[in-house]
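Each chain, letter by letter, is given below.
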Amino acid sequence: MKKLNLCLAAPSFFPTYGGAELRFFRYLPGLRARSIDTGIVTGTPTAHQHTASGHAEEWQQNRVGDILASATPDGTPVHRVRLPDEKGWRRAVLFNQTVARYCQQADHRADVLQLVTGLRPLTIPWIRYLQARRIAVVYAVTIAPRQKNLSKNRFKHVYRAWLARELYNQLDCIITNNTPLRDIIREIGVTTPVEVIPNGVDMQRFQPPGAGAEHRELRLSLGVTEGDFLVTTVGAVTPRKGSDLLLEAWLNIAERFPSAHLGLIGPRTDLQNPKFTAFRDRLEALRQASPVPQNVHFVGEVAKIETYMRATDVFVLPSDREGMPNSVLEAMASKVPVVVTPFTGLSDDLGSPGRHFLLAERDAGSLADAILGLLTNPELRAEFASNGHHWVTSRMDLEIALDRYAGVYRELAARYWK
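In this convention, every chain numbers its residues from 1, walking through the sequence in written order. Selection of residues for local features in this predicted model requires a pLDDT of at least 70, selection of side-chain atom pairs for listing and counting requires 80 or more, and totals for whole chains, interfaces and linings are taken over all residues. Heavy atoms from the whole structure form the basis of all side-chain values; hydrogens and water molecules are not counted.

Undergrad: In this structure, what is going on with the sheet that holds strand E2 (residues 36–43)? I would like to understand it.
TA: Each strand in a sheet pairs with its neighbour through backbone hydrogen bonds, running either in the same direction (parallel) or in the opposite one (antiparallel). Pairing between strands requires that DSSP locate at least two bridges from one strand to the other. To qualify as a helix, a DSSP run of H or I must reach at least 4 residues; to qualify as a strand, a run of E must reach at least 2; elements of each kind are numbered from the N terminus. Taken in spatial order, the eight strands make up an open sheet running E3-E4-E2-E1-E5-E6-E7-E8, and their pairing is mixed. On the outer flanks of this sheet lie strand E3 (67–71) and strand E8 (194–196), each paired with one strand and no other. For this sheet the average axis-to-axis angle between neighbouring strands, irrespective of direction, equals 25°. As defined by bridge partners, strand E1 (residues 4–9) adjoins E2 across six bridges and the pair is classed as parallel. Looking at the pairing, Cys7 lines up with Gly39 of E2. On the sheet, helix H3 (residues 89–103) packs against E1, E2, E3, strand E4 (77–81) and strand E5 (112–115) and is oriented at approximately 155° with respect to E2. Only the stretch in contact is used when a helix axis is fitted, and all axes are lines through C-alpha atoms; the angle between N-to-C directions ranges over 0 to 180 degrees. Whether two residues are in contact is decided by their heavy atoms: any pair within 4.5 Å suffices.

Written out as structure tokens, the structure reads:
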């Protein structure tokens, strides 16, 4: 099979990433196995973005525009440009220039550029520039847009839709992870081909729990003893992820089960961003209001999220806006029952509410009732766990997603190879 060179680009990637970047990072070994060599182009985060400890100080020592070459743990080359600390057109222009230069390197000339995030109107000239040099440009739309109140500023909404249409129509292909995102793109008049590729789950990594020591030790490390319950959620601690809604619901749960534990797994974004001061204060007030505040754990980022999934009794996603949430799929693959609140982007691609997961109304009382319904009924927990597990393992295997991505990349590259 002919080798294909792929460039993955995002203004902030390894070792700083969000959900979309993390998914593509996990795709690297599978793409390599399909004769797709990947290089990563990224930048340094803004002053308020989450940064892996130990790296921010290292990056700050460089001048804006400097290139910091490194690699991921599996050897994938990382080409990082030192960007300005604040958002603005200078960050966008410098990042686009770096991507364009990297894609044309003699030793790793890209056949396809996959933009994971960072698509802006300023990107249009660079898309055309690379396409003129026979490099296909793809963009991944991985999260639903915010809901707009048209009565407030209809002109602004129409303008943004027009701008998105013009931007998306410059691309060779758009990849979404569910059908509602595809439909949203089509509704604004985008004619660029759109491929729907659900997020894949590594079934070797995310498996049902056994009775091993690792499972017991992890629960014990959080103070979860035999017979206690552990409820978890995964994602950055932000308003969008509904961290405060879950803590509010937890007040009722802790009253009923004072020995139960809640684990919020993900970076404390609220500690770094001054815009989240009121949100952060609300989280702390809710935690302190819990009958057993020490049983609320802000776990932070973890390297082996799969061990937490296997230790969990109920998984909760209280987010208000998503694409295809991998955390839900990974919980299902781990045979953990799932509670979800309605979010923009929710679709049948995630399974059927009431069969593969519980759908609770987006308020603290309804969310608490749904979680309590599972905690008090072991047969119901087992039913949802089994149904969700079957859904994911039969439809969402990572190998299926990788085959689809590889096929799209090769099809696009072949157009320019002719």
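Undergrad: Please clarify how the pattern of salt bridges should be interpreted in this entry.
TA: Pairs can form between side chains of opposite charge whenever their charged atoms are close. The term salt bridge refers to a pairing of a side-chain nitrogen on Lys or Arg with a carboxyl oxygen on Asp or Glu at a separation within 4 Å. Scanning the model with the defined rule gives 18 salt bridges in all. Note that Asp74 and Arg32 form a salt bridge whose closest N and O atoms lie 3.3 Å from each other. Of this pair, Asp74 sits in the loop between E3 and E4 while Arg32 is found in helix H1 (residues 19–33), placing the two residues 42 residues apart along the sequence. Taking the relative accessible area as the measure of exposure, Arg32 reaches 36% and is therefore partly exposed. The closest approach of N and O atoms between Arg415 and Glu411, which form a salt bridge, is 3.4 Å. Taken together, the residues span about one helical turn, with Arg415 and Glu411 both in helix H14 (residues 398–417) at a distance of four residues. Looking at Glu411, the relative accessible area reads 46%, which means it is partly exposed. It is possible to trace a salt-bridge network through shared partners that takes in Arg34, Glu399 and Asp403. Summary of the burial criterion: residues with accessible area below 20% of their type's maximum are buried, those above 50% are exposed, and those between are partly exposed, where the area comes from a 1.4 Å probe applied to protein chains only.

Undergrad: Just to check I follow, could you spell out the environment of Leu230 for this structure?
TA: Positionally, Leu230 belongs in strand E9 (residues 230–234). Distance from Leu230 to Arg63, taken between C-alpha atoms, is 46 Å for residues 167 residues apart in sequence. With near-sequence residues (within four places) excluded, Leu230 lies in contact with Arg219, Leu222, Val224, His261, Gly263, Ala311, Thr312, Asp313 and Val314.

Undergrad: Would you mind showing me how to read the packing of helix H8 (residues 243–256) against helix H9 (residues 277–289) here?
TA: Helix-helix packing is characterised by the crossing angle of the two axes and by the distance between the axes. It is the contact of H8 with H9, at a shortest axis distance of 9 Å, that shows an interaxial angle of 15°. One way to sum up the angle between H8 and H9 is to call them roughly parallel. By crossing handedness, the relation of H8 to H9 is classed as left-handed. Packed against H8, whose contacting residues are Ser243, Asp244, Leu247, Glu248 and Leu251, the element H9 presents Phe279, Arg282, Leu283, Leu286 and Ala289 at the interface. Here the word oblique covers every angle except those under 35 degrees (roughly parallel), over 145 (roughly antiparallel) and from 65 to 115 (roughly perpendicular). Two helices cross in a left-handed way if the nearer one is turned anticlockwise from the farther one by less than a right angle. They cross in a right-handed way if the turn is clockwise.

Undergrad: Help me understand the pairing of strand E12 (residues 314–317), please; the structure alone is not making it clear to me.
TA: Strand residues, when the strand is regular, have side chains that alternate between the two faces of the sheet. The alternating pattern of E12 places Val314 and Val316 and Phe315 and Leu317 on opposite faces, both of which are buried. Of the strand pairs in this sheet, E9 and E12 are connected by two bridges, and their pairing is parallel. When the bridges of E12 are listed, Thr232 appears paired with Phe315. The pairing of E12 with strand E13 (residues 338–340) spans three bridges and is classified as parallel. Its bridge partner being in E13, Phe315 is matched across the sheet by Val338. Crossover handedness is defined by viewing with both strands directed away from the observer: a clockwise path from the first strand over the helix to the second marks the crossover as right-handed. This β-α-β element, E12 to helix H11 (residues 326–333) to E13, shows right-handed connectivity.

Undergrad: Is there a simple way to think about the sheet that holds strand E14 (residues 358–359) in this case?
TA: One open sheet holds the six strands; their spatial order is E11-E10-E9-E12-E13-E14, and the pairing between them is parallel. Both edges of this open sheet fall to strand E11 (296–300) and E14, since each of them pairs with a single strand only. Along the sheet, H8 makes contact with E9, strand E10 (261–265), E11 and E12, crossing E10 at roughly 175°.

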